[in-house]
Amino acid sequence: MIGAMAADQPTGEKRQVLEVGPLSVYPDEFIALCGGEELALTYKEFKLLELFATYPGRLLRRDFIAEHVWAGDAPGRSVDISVSRLRRKLPEGAIKTVVRVGYRLILTETTA
């Protein structure tokens, strides 16, 4: 399943969840699950994953990522290093590199 959904909370309020294959990201709660297991992410890794989950399957250019995760001020190879660290926490092949351009989240039920 790909897309944003609203899940019921105990108070009856709706909470936002971004779902891509086995991945569920709860932006308001700083929680990310993959295959039902909670991912231990840094703040930047979480914001990066949230961005990928917002645009599943779409090519995200490095400058677009820098603008949205670092407010345009990503020093040196910060984007590449953060993507590399995030990759280690996701199923193999979940993030594809488009050489010299950017990255794309390709995560399906069979990727997990």
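Just so we're clear, the structure is a prediction, and the values are computed from it rather than from any experiment.

### Considering the sheet that holds strand β6 (residues 60-61)
The antiparallel open sheet is built from three strands, whose spatial order is β6-β8-β7. Both edges of this open sheet fall to β6 and β7 (95-98), since each of them pairs with a single strand only. Bridge analysis of β6 against strand β8 (residues 102-105) gives two bridges, and the strand direction is antiparallel. Bridging from a neighbouring strand, arginine 61 pairs with glycine 102 of β8.

### What to know about the nonpolar core
Among the nonpolar cores identified, the biggest contains 28 residues, and Leu23, Leu49, Phe52 and Ile65 are the most heavily contacted of them. For this core, the secondary structure elements donating two or more residues are β2 (14-20), β3 (23-26), β4 (31-34), α1 (43-54), α2 (62-69), α3 (78-87) and β8. Looking at this core, the element that brings in the most residues is α1, giving six residues. For leucine 23, the residues in contact, after removing those within four places along its chain, are Leu18, Leu33, Cys34, Leu39, Leu49, Ala53, Leu105 and Leu107.

### Focus on the side chain of aspartate 80
Mapped onto the secondary structure, aspartate 80 falls in helix α3. Overall, aspartate 80 belongs to the buried group, its relative accessible area being 13%.

### Let's talk about the pairing of β7
Of the strand pairs in this sheet, β7 and β8 are connected by four bridges, and their pairing is antiparallel. Counterpart to valine 98 in the pairing with β8 is glycine 102. What sits between the antiparallel neighbours β7 and β8 is a turn of three residues, in which arginine 100 has the positive phi angle 65°.

### Quick notes on unusual backbone geometry
Note: most peptide bonds trans; most residues except glycine with negative phi. At alanine 71, a position not held by glycine, the phi torsion is positive, near 55°. Mapped onto the elements of the fold, alanine 71 is located in the loop between α2 and α3. Its identity as a non-glycine residue notwithstanding, arginine 100 has a phi of 65°, on the positive side. Inspection of the secondary structure assignment puts arginine 100 in the loop between β7 and β8. The class for arginine 100 is exposed, based on a relative accessible area of 79%.

Analysis parameters
Residues numbered from 1 in each chain as written. Predicted model: local features only at pLDDT ≥ 70, side-chain atom pairs only at ≥ 80, totals over all residues. Heavy atoms only, no water. Pairing = 2+ DSSP bridges. Helix = DSSP H or I, 4+ residues; strand = E, 2+ residues; numbered from the N terminus. Core = buried A, V, L, I, M, F, W, Y, C linked by side-chain atoms within 4.5 Å. Buried < 20%, exposed > 50% of the residue type's maximum accessible area, 1.4 Å probe, protein only. Contact = heavy atoms within 4.5 Å.

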